Amino acid sequence: MQPWENIAKIGTIVAVDSQNRALAKVRIAGRVSDYLPVLHFANSFKRSISPIRVDEQVMVISPHGEANGGFIIRGVFHVGCKEPAGWNSSKEVIEYEDGTRFSYDSGSKKLEVHCVGDISIVAQNITIEALNTNFIGGSVTHNNTAIDDTHTHTQQDGNHFGGGAISTPPNG
């Protein structure tokens, strides 16, 4: 095969380096490559990585036609790995193997998060600003105290209820 014929080839990952998991071997036309670097989004501003999996269909780009001198581009959709449902010309969808999904539609200006498990946010400060805020579901707690339609407040001296009064639960 001429080197220029090897510049771009579709193959399947057959091994992932256990020490440097950003390297993988690819089977192309019955031949297995050396470990090649896998293209990820990485620069001084931001880095992102997704697990590399055996049997993932990829493209190997070999600028000089030598397969062992190339790099791997991931994300070739195929019969075993279809595009996530719901995307269109203005909507990006990110879907994980467990069913968790993020989507953003620039046309409707709507961000959606559907998480099948828990969500944990850790920050120094969190600000939520909205015209309306609705909580649907179970209870909300603050310092292990339920904030729901049954909680009460002990009033302090000098407020409009007078000292020592207990407020009624909020209106439902």
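Look a little higher up for the structure.
Everything in this summary refers to the structure shown in the same document. What you see is a predicted model; the values in this text were computed from it and never measured.

### Remarks on the overall build of the protein chain
Scanning the protein chain from terminus to terminus reveals zero helices and 13 strands. Counting all 172 residues of the protein chain, 19% fall into the buried class. In the protein chain, once contacts between residues fewer than 6 apart in sequence are set aside, the share between residues at least 24 apart is 30%. In the form shown here, the protein chain has an accessible surface area of approximately 13,700 Å², with 52% of it arising from carbon and sulfur atoms.

### Here's the deal with unusual backbone geometry
Of note in this structure, Ala29 is not a glycine but carries a positive phi near 50°. Here Ala29 lies in the loop between strand 2 (23-28) and strand 3 (31-32). Its relative accessible area of 76% is what places Ala29 among the exposed residues. Even without a glycine there, the phi angle at Asp55 is positive, about 80°.

### Concerning a nonpolar patch on the surface
The grouping of Ile94, Tyr96, Phe102, Tyr104, Leu111, Val113, Ile119, Ile121, Ile126 and Ile128 at the surface amounts to a nonpolar patch, some 1,100 Å² of accessible area in total. When residues of the nonpolar patch are traced back to their parent elements, those giving at least two are strand 10 (101-105) and strand 11 (110-114). Turning to its location among the elements, Ile121 is positioned in the loop between strand 11 and strand 12 (140-142). Ile121 sits in the exposed class, given a relative accessible area of 64%.

### Here we look at the nonpolar core
By size, the foremost hydrophobic cluster in this structure holds 10 residues: Ile13, Ala24, Val26, Ile28, Leu36, Val38, Ile52, Val58, Val60 and Ile72. Contributing elements (two or more residues each) for this core: strand 2 and strand 7 (57-61). When near neighbours in sequence (up to four residues on either side) are disregarded, Ala24 contacts Ile13, Ala15, Val16, Ser33, Asp34, Tyr35, Leu36, Val38, Ile52 and Ile72.

### Points about the pairing of strand 11
Bridge count for strand 10 against strand 11 is five bridges, and the pairing is antiparallel. For Asp105, the partnering residue across the bridge sits in strand 11 and is Lys110. The hairpin formed by strand 10 and strand 11 contains four residues between the paired strands, and Lys109 there has a positive phi angle of roughly 55°.

### Looking at the layout of surface pockets
The rolling of a water-molecule-sized probe over the atoms marks out the regions of remaining empty space. The volume enclosed by the largest pocket comes to roughly 1,200 Å³. Lining the largest pocket are 27 residues, with Ser50, Glu56, Arg74, Cys81 and Glu95 positioned closest to its centre. Take the lining of the largest pocket: its biggest share by element is four residues, from strand 9 (residues 91-95). Reported here for the second largest pocket is a volume of approximately 370 Å³. Lining the second largest pocket are Val113, Ile119, Ile121, Ile126 and Ile128. When the residues that make up the lining of the second largest pocket are grouped by side-chain class, the tally is five nonpolar, no polar and no charged.

### Digging into the sheet that holds strand 10
Across the sheet, three strands lie side by side as 9-10-11; this open sheet has antiparallel pairing. Edge positions in the sheet fall to strand 9 and strand 11, since each of these pairs with one other strand and no more. With strand direction ignored, the average angle separating the axes of adjacent strands in the sheet is 5°.

Reading the values: rules and limits
Residues numbered from 1 in each chain as written. Predicted model: local features only at pLDDT ≥ 70, side-chain atom pairs only at ≥ 80, totals over all residues. Heavy atoms only, no water. Helix = DSSP H or I, 4+ residues; strand = E, 2+ residues; numbered from the N terminus. Buried < 20%, exposed > 50% of the residue type's maximum accessible area, 1.4 Å probe, protein only. Contact = heavy atoms within 4.5 Å. Areas by Shrake-Rupley, 256 points an atom, 1.4 Å probe, with all protein chains shown as cover. Patch = residues over 30% accessible without salt bridge, like charges linked within 9 Å, V, L, I, M, F, W, Y side chains within 5 Å. Salt bridge = Lys/Arg side-chain N within 4 Å of Asp/Glu carboxyl O. Core = buried A, V, L, I, M, F, W, Y, C linked by side-chain atoms within 4.5 Å. Pairing = 2+ DSSP bridges. 1 Å grid on protein atoms, 1.4 Å probe; cavity = no way out; pocket = protein on both sides within 12 Å on 5 of 7 lines; lining within 4 Å. Points joined across faces, edges and corners; volume = space filled by probe spheres on them. Nonpolar A, V, L, I, M, F, W, Y, C, P; charged D, E, K, R; others polar. Axes fitted to C-alpha atoms, helices over the stretch in contact; angles between N-to-C directions.

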